[in-house]
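Commentary on secondary and tertiary structure
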Amino acid sequence: MKNNLCCDGFRRDLSDANPWFTCVGIEKTLTNGLKIEICDRDGLIRRTTGGTRLIPCRSMFPWPYIDHYLKTRVTSRLTCFLQLKNFGLYPKMLLLLIFLSILNTVTPSPPENRLLRDLMHGYLPEERPVIDANQSVVVTVGVVLQQIVDLNEREEQIVVNLWLRYTWKDENLRWDPLQYENVTDLRHPVGAIWAPNILLYNSVDTPFDSTYKTNLIGDSNGDITWVPPGIFKVGCKLDITWFPFDEQICFFKFGSWTFSGHQIDLQKGDFDFSEYLENGEWAVVRNWVNRSEKFYACCTEPYPDVQFYIHLRRRTLYYAFNLIMPCGMTMILVMLGFTLNPQSCEKVGLQISVSLAICIFLTIVSEMTPKTSEAVPLLGIFFQSCFIVSVGATTFTVYVQSVHFRDFENSRRMGFWMRYILLEWIPFILCIEKPKRPNTLKTLMKSFENRHEEQKKDIRTAFTYENGTCSIVNALNDVFRDNYENMIIQLQNSTKDDKTDTAMVERLRLLDNIYKHVKMIRESSEDSVENNHIQYEWQFAAAVVDRLGLMLFTIILTATTVVLTMKAPYLAA
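The numbering scheme is per chain: residues are counted from 1 as the chain's sequence reads. Totals for whole chains, interfaces and linings use all residues, but because this is a predicted model, local features are given only for residues with pLDDT of at least 70 and pairs of side-chain atoms are given and counted only at 80 or more. Hydrogens and water are ignored here; the side-chain numbers use all heavy atoms of the structure.

Under an unreviewed UniProt entry, the name given to the protein chain is Neuronal acetylcholine receptor subunit alpha-7, and the source organism is Panagrellus redivivus. Database annotation for the protein chain, UniProt heading Sequence similarities (unreviewed entry): "Belongs to the ligand-gated ion channel (TC 1.A.9) family. Acetylcholine receptor (TC 1.A.9.1) subfamily." UniProt positions are given in the numbering used here, feature names are shortened, and annotations may be inferred rather than shown by experiment. Of the protein chain, the UniProt comment under Subcellular location (unreviewed entry) reads exactly: "Postsynaptic cell membrane".

Right, let's get into the UniProt feature "transmembrane region" (unreviewed entry) in the protein chain. This chain's UniProt record puts "transmembrane region" (unreviewed entry) on residues 317–336, 348–366, 378–402, 414–432 and 548–570. Only DSSP runs of H or I with at least four residues qualify as helices, and only runs of E with at least two residues qualify as strands; both kinds are numbered from the N terminus onward. Split by type, residues 348–366 is 100% helix and 0% strand. Its first and last C-alpha atoms lie 27 Å apart. Structurally, residues 548–570 comprises 87% helix and 0% strand, and the distance from its first C-alpha atom to its last is 34 Å.

Turning next to the pattern of salt bridges. Side chains that carry opposite charge are capable of pairing whenever their charged atoms lie near each other. Salt bridge, as used here: a side-chain nitrogen of Lys or Arg that lies within 4 Å of a carboxyl oxygen of Asp or Glu. Counted under the stated rule, the structure contains 14 salt bridges. Its salt-bridge partner being R174, residue E171 comes within 3.1 Å of it at the nearest N-O pair. Burial status follows relative accessibility: with a 1.4 Å probe on protein chains alone, a residue under 20% of its type maximum counts as buried, one over 50% as exposed, and anything between as partly exposed. Residue classification places R174 among the partly exposed positions, given a relative accessible area of 47%. Of the charged contacts, one joins D209 and K213 as a salt bridge, the two residues approaching to 2.8 Å between their closest N and O atoms.

Let us now look at a nonpolar patch on the surface. Here, patches come from residues exposed beyond 30% relative accessible area and free of salt bridges, joined within 9 Å for like charges and within 5 Å for nonpolar side chains (Val, Leu, Ile, Met, Phe, Trp, Tyr). To be clear on the numbers: accessible area is Shrake-Rupley with a 1.4 Å probe, and residue cover counts the displayed protein chains and nothing else. A cluster of nonpolar side chains, namely L317, F321, M325, M329, I332, L333 and L336, defines an oily patch on the protein surface of about 740 Å² accessible area. Among the residues examined, L333 registers a relative accessible area of 38% and is labelled partly exposed.

Let us look at the nonpolar core. We call a set of buried residues a nonpolar core when its members are Ala, Val, Leu, Ile, Met, Phe, Trp, Tyr or Cys and they connect through side-chain atoms within 4.5 Å of each other. Grouped together as the largest cluster of nonpolar side chains are 47 residues, with contacts concentrated most on I158, W168, F252, F254 and F308. By definition, residues are in contact when any of their heavy atoms lie within 4.5 Å. Residues contacting F252, with those up to four places away along its chain left out, are V160, L162, L200, N202, V234, F271, V306, Q307, F308 and I310.

Only when DSSP finds a minimum of two bridges between them are two strands counted as paired. Sheet analysis places strand β7 (residues 137–152) next to strand β8 (residues 157–169), joined by eleven bridges and oriented antiparallel. Across the sheet, residue L145 finds its bridge partner in β8, namely L162. Taking the residues that link successive antiparallel strands as the turn, the β7-β8 hairpin has four residues, and the phi of E156 there is positive, at about 55°. Examined bridge by bridge, β8 and strand β13 (residues 229–235) share seven bridges and lie antiparallel to one another. Its bridge partner lying in β13, I158 is registered against V234. As judged from the four bridges shared by β8 and strand β12 (residues 223–226), these two strands associate in the antiparallel manner. Bridge assignment links W168 to a residue of β12, and that residue is I224.

Spelled out as structure tokens, the structure:
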């Protein structure tokens, strides 16, 4: 019985009486003098005598079967035929050996295998690949931008698809290609050789290092190239002052986490856009790369870093088509609301509906921009201006409705200054013609000069209306009043006999009755006409206020739009 020490530190009985093995890594001398090394870690049987060959291995094989497997190999690729009829195997083991007997195993290139063994002999991945310990490793960092996945304004984060490109020289991984059948490059898995621990400093992703660990490519002259791709989420300070006509500058800061500038000399590489996929919202204006060194309070050594800057400009078509244009169309309804007849009783409802619609636009803008008090976005100022105009238009409309439905029953007549401003000056400025009365600068001055006399005379309305009915009644009243006064004068000047004249007395009595009837008709007519005139004055004042609101808010909205448009850095990108 022969015992041997396995790699796990336990001895295994390797006699034919106990032919099963379960350890990882063991060497066995067969009856034909060959030595094999069992390495269950990579699933291969490695024969070390007569050249290196790799044979597929499964754990728990009995030694005699492996011995027979090696003796019956028929090809260089080790496609073996096993004489299974000589062994009383269990059915499961029989099927497994049949599978192994027909399996073609591809062996690696012998020169590459020999080169890897020679290079990795005594190699330490933790050791910096320099000959002089005081020498720094020059590492060049480059970035290949593939795509801007998203720029979240509210969270102030940008998500990009990048390919990082690291290059450095490893003095321990140099060889002469002529000695290894012109093998000029090798692929090394991550962790097999030294690599700089360079990280994205301003990453905000949950896995801080989100790169995919690809193989490293080494050349015969010692140059190592590593291109790990990844989806990176980076914090980016946004300036929303000119949103949506804004430009943003974001950067990606790369640096070594533990090596100082004396150990790794970090140099800037290219910022490559050859594979860039255009983004529908952002256009790349320009890009540049900076290198800087920073001294921390903990250490005296400088720590270099490389920043890749990208200047972005927002494309405005989406916002113009989905936000600005609908809001502009809504504001047209505000202006049209001033032209609506107050009798329809829909003026206030229309203005309130427009105000609510603009509130929705403001809510959309607030959800798209970050919660910051440093700046107010330009689009938010425009929507806020529209909201103020809408609220002002609603206030004017409520006042117009209140003025329009005033009459002698529910309100007093206008005072002088209200009549003078609403019914004379504002119509003169807005070129509104007053009914049945000229409105010129001369009449304005005359009305102002006669303001005290009009107050003494208690003129009930602002206008002197002369329609047909009033003219006839007034003329009859004047005729009868003149005749009646003449008759009284004649009667006073007549003699006593004339005063006792029966015909004269009857005549005077008839004239007196006629005069009283005409006076009564005139007074009733004056009251009804005056009431109508008071109502017409209020309605005319409402029309003046409506016209004033239309002109005033149109000017305000137009001026605001023009000013904000001129302040925008650009209109289309």
